[in-house]
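Secondary and tertiary structure notes
Next come the chains, spelled out residue by residue.
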Amino acid sequence: MKTKDITRYVKPYEVRSGKGFRLRDFDPADTAGLGAESKPKAQELLQKGVERLEQLQGKLYAQDSHALLLVFQAMDAAGKDGTIKHVMSGVNPEGCQVYSFKAPSQEDLEHDYLWRTTRCMPERGRIGIFNRSYYEEVLVVRVHPELLEAEKLPRKLLGKHIWKQRYEDIRNFENYATNNGTVIRKFFLHLSKEEQRKRFLERLDTPEKNWKFSSADVKERGYWDNYQEAYEEMIQHTATKSAPWYVIPADNKWFARLVVAGAVVHALDELKLHYPVVDEAKKKELKQAEAALRGEKKK
Ligand code: ATP
Ligand code: MG
């Protein structure tokens, strides 16, 4: 497979500058013209992408220099878990770590909001996945201001500029990480309200999926428009050239997975990774080891 076969689906959904960004310009049901009949082909391509990812990750690990951070944000039932599972399915588990961020603990609340996620940033050579992230601080916390009240910040810092301030802090944090070798790619799985309704109903209708259903999710759905606004503004302020957002059409899972895989392959490909070159001294060492092994008497 040529890398291009999969990365070609990525560009239309990449947001490298938030200027003029409007969520309504992105259709959650978009499949780049591929019809349902293309689904098996897309799955085959995804499989190839996963294999390519596996090779690239091997080099990332061997080089032990760059790290890759993948951030996933979405409304409930948009398919974060499934996407992570499918896209990363071929990757050596040793080189990859997934962290899910739920409501902050008491200990988390004793610190600034970047504390808990910063501790989980990927080591060099690794791929780190954030299933939800510090972006919740400008999403759920923005939609429910009482959560901000609970964050124990000094009162005088709770001005109306707090959201602009947080966007700026996040941009600075991501710049800092980038300048230190961590490549950041951010994915918003963009689901339509109707598709979410269908998926919730499916969870109710299918006994094996009942466990996934949560009444709290339906309550959050009541704030749909507030969330969409918060997502739009978040992307406007935090999409940058070095840490772009990908607005992934998420109504069709097979397509969402294809685009995410393409974006991850693209990010690693751009690093022009290679296995460390063996220098003359090392070559000599290898030769000696080989000679010693060959010279060993068979027992
Ligand atoms: P799933 O439902 O598939 O298990 P999930 O990511 O939705 O995955 P939940 O336990 O259902 O996990 O939800 C986690 C909740 O924690 C979300 O509602 C999210 O908004 C909330 N959350 C995450 N980070 C924060 C934060 N910093 N402040 C407040 N709430 C947060
Ligand atoms: Mg949930």
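For the structure itself, consult the block above.
In this report, the structure presented in the accompanying data block is examined.

1. Some thoughts on the packing of aromatic side chains
One pass over the structure, following the stated rule, counts 14 aromatic pairs. Residues F101 and F130 carry aromatic rings whose centres are separated by 5.1 Å and whose planes lie at 80 degrees to one another, so their mutual orientation is edge-to-face. Here F101 is found in the loop between β3 (96-100) and α4 (106-109), whereas its partner F130 is found in strand β4 (residues 127-131), with 29 residues between them in sequence. F130 sits in the buried class, given a relative accessible area of 0%. With a centroid separation of 6.3 Å and 85 degrees between ring planes, the pair formed by F200 and F213 is classed as edge-to-face. In this pair, F200 sits in helix α9 (residues 193-205) while F213 sits in the loop between α9 and α10 (215-221), placing the two residues 13 residues apart along the sequence. With a relative accessible area of 24%, F213 lands in the partly exposed category. In this structure an aromatic cluster arises from ring pairing among Y9, Y13, W254 and F255.

2. Digging into the environment of T118
Residue placement: T118 occurs in helix α5 (residues 115-118). Along the sequence, T118 and F173 sit 55 residues apart, while their C-alpha atoms lie 9.4 Å from each other. Only 2.4 Å separates the side chain of T118 from the backbone oxygen of L114, close enough to count as a polar contact.

Reading the values: the criteria
Residues numbered from 1 in each chain as written. Chains lettered and ligands numbered in written order. Predicted model: local features only at pLDDT ≥ 70, side-chain atom pairs only at ≥ 80, totals over all residues. Heavy atoms only, no water. Phe/Tyr/Trp six-rings, centres within 6.5 Å; stacked < 30°, edge-to-face > 60°. Helix = DSSP H or I, 4+ residues; strand = E, 2+ residues; numbered from the N terminus. Buried < 20%, exposed > 50% of the residue type's maximum accessible area, 1.4 Å probe, protein only. Polar contact = N/O pair within 3.5 Å; in protein donor to acceptor, adjacent residues only side chain to side chain.

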